[in-house]
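These are the residues of each chain, in order.
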Amino acid sequence: PNPSYLIKSISEQGYSLETSLADLIDNSLAADAKTVEILVDSDQEPFTVYVADDGCGMSEEQLRSCMQFPSASPDSRRDDSDLGRFGLGMKTASFSQTHCLTVLSRERGSTQFNGRTWDLKELEAGEWRIIINTEGDIKSLISNYRKFSEQSLAVSEIFEPNTIVIWSGLRKF
């Protein structure tokens, strides 16, 4: 299917901001996260939202798979605690709120983050093209997140995220 049409269609599936965030939090809990940090950078419009967790994180291959449409078969076995079924939840929830979704992740214990970005602007040419974030992109995104997190009142000195979901431009708020 035309990627731009598909993204625009799934973005109108009735998710509210609250249910979208709940979907991401569910993913964090399924990844064994003990802490989930949700930050909204409202200093400039459109707002940027960060959802970071200290769960098990993802390898490069797991991240690549997670960002596919869909990323799982409905016939696949899953844990009883996993509410996901089709591998579309994070993407559908995210695109209901933004047109630019970035996921940075590393496996727990690793120092190397990997990143992927779906940007509707890139898909409007009609080709499925995901951005594989460069090391420089990733460092910049993490630096922006850390600066904003450190300014937060709820910051914990021991919190080290393994996955950071970034909504660049909250479009329905």
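Above: the structure in question.
S.K.: What is the right way to look at the overall build of the chain in this model?
M.R.: When its secondary structure is counted, the chain shows six helices and six strands. Going residue by residue from the N terminus, the α and β elements of the chain occur as α-α-β-β-α-α-β-β-α-β-α-β. Taking all 173 residues of the chain together, the buried fraction comes to 42%. Across the chain, contacts joining residues at least 24 apart in sequence account for 65% of those joining residues at least 6 apart. Accessible surface, the chain as shown: approximately 9,700 Å² in total, 50% of it carbon and sulfur.

S.K.: Would you mind showing me how to read the sheet that holds strand β3 (residues 100-105) here?
M.R.: Whether parallel or antiparallel, the strands of a sheet pair through hydrogen bonds between backbone atoms. Strand order in this open sheet of six strands is β1-β2-β6-β3-β4-β5, and the pairing throughout is antiparallel. This sheet does not close on itself; its edge strands, each paired only once, are β1 (36-41) and β5 (131-132). Pairing analysis gives six bridges linking strand β2 (residues 48-53) to strand β6 (residues 163-168), with the strands arranged antiparallel. Bridge assignment links tyrosine 50 to a residue of β6, and that residue is isoleucine 166. Contacts from helix α2 (residues 17-30) reach β1, β2 and β6, with the element oriented near 160° to β6. The sheet contacts of helix α6 (residues 135-151) involve β1, β2, β3, β4 (114-119) and β6, and relative to β1 the element is tilted by about 90°.

S.K.: Please explain the packing of aromatic side chains as it appears in this structure.
M.R.: Describing an aromatic ring pair means giving the distance of the ring centres and the angle of the ring planes. For the coordinates displayed, the defined rule picks out three aromatic pairs. On the numbers, 5.7 Å between centres and 55° between planes, the contact of tyrosine 50 with tyrosine 145 is tilted. With a gap of 95 residues between them, tyrosine 50 in strand β2 and tyrosine 145 in helix α6 connect regions that are remote in the sequence. On the basis of relative accessibility, which here comes to 6%, the residue tyrosine 50 falls in the buried class. Note on tyrosine 145: relative accessible area 2%, which makes it buried.

S.K.: Quick question: what am I supposed to make of α2 here?
M.R.: Quick reminder: α-helices carry 3.6 residues per turn. Residues three or four places apart thus point the same way. The terminal C-alpha atoms of α2, which comprises 14 residues, lie 20 Å apart, in line with the 20 Å expected from a rise of 1.5 Å per residue. Within the sequence span of α2, burial applies to Ser20, Leu21, Asp23, Leu24, Asp26 and Ser28. Looking at the packing, one finds that the buried side of α2 touches β1, β2, α4 (89-95) and β6. Of the residues one or two after α2, aspartate 32 is the one with positive phi, at around 65°.

S.K.: Explain unusual backbone geometry here, please?
M.R.: With the exception of glycine, the majority of residues adopt a negative phi angle, and the majority of peptide bonds are in the trans configuration. Here glutamate 45 and proline 46 are connected by a cis peptide whose omega angle stands at -5°. Relative to the helices and strands, proline 46 resides in the loop between β1 and β2. Although it is not a glycine, aspartate 32 adopts a positive phi angle of roughly 65°. As for its position among the elements, aspartate 32 is in the loop between α2 and β1.

S.K.: So what exactly am I meant to see when it comes to the environment of threonine 92 here?
M.R.: Here threonine 92 is to be found in helix α4. When the C-alpha atoms of threonine 92 and glycine 14 are compared, they prove to be 9.9 Å apart, with 78 residues separating the residues in sequence. Leaving out residues up to four positions away in the same chain, threonine 92 has contacts with Ile10, Gln13 and Tyr15.

Thresholds applied
- Residues numbered from 1 in each chain as written.
- Predicted model: local features only at pLDDT ≥ 70, side-chain atom pairs only at ≥ 80, totals over all residues.
- Heavy atoms only, no water.
- Helix = DSSP H or I, 4+ residues; strand = E, 2+ residues; numbered from the N terminus.
- Buried < 20%, exposed > 50% of the residue type's maximum accessible area, 1.4 Å probe, protein only.
- Contact = heavy atoms within 4.5 Å.
- Areas by Shrake-Rupley, 256 points an atom, 1.4 Å probe, with all protein chains shown as cover.
- Pairing = 2+ DSSP bridges.
- Axes fitted to C-alpha atoms, helices over the stretch in contact; angles between N-to-C directions.
- Phe/Tyr/Trp six-rings, centres within 6.5 Å; stacked < 30°, edge-to-face > 60°.
- Expected span 1.5 Å × (residues − 1).

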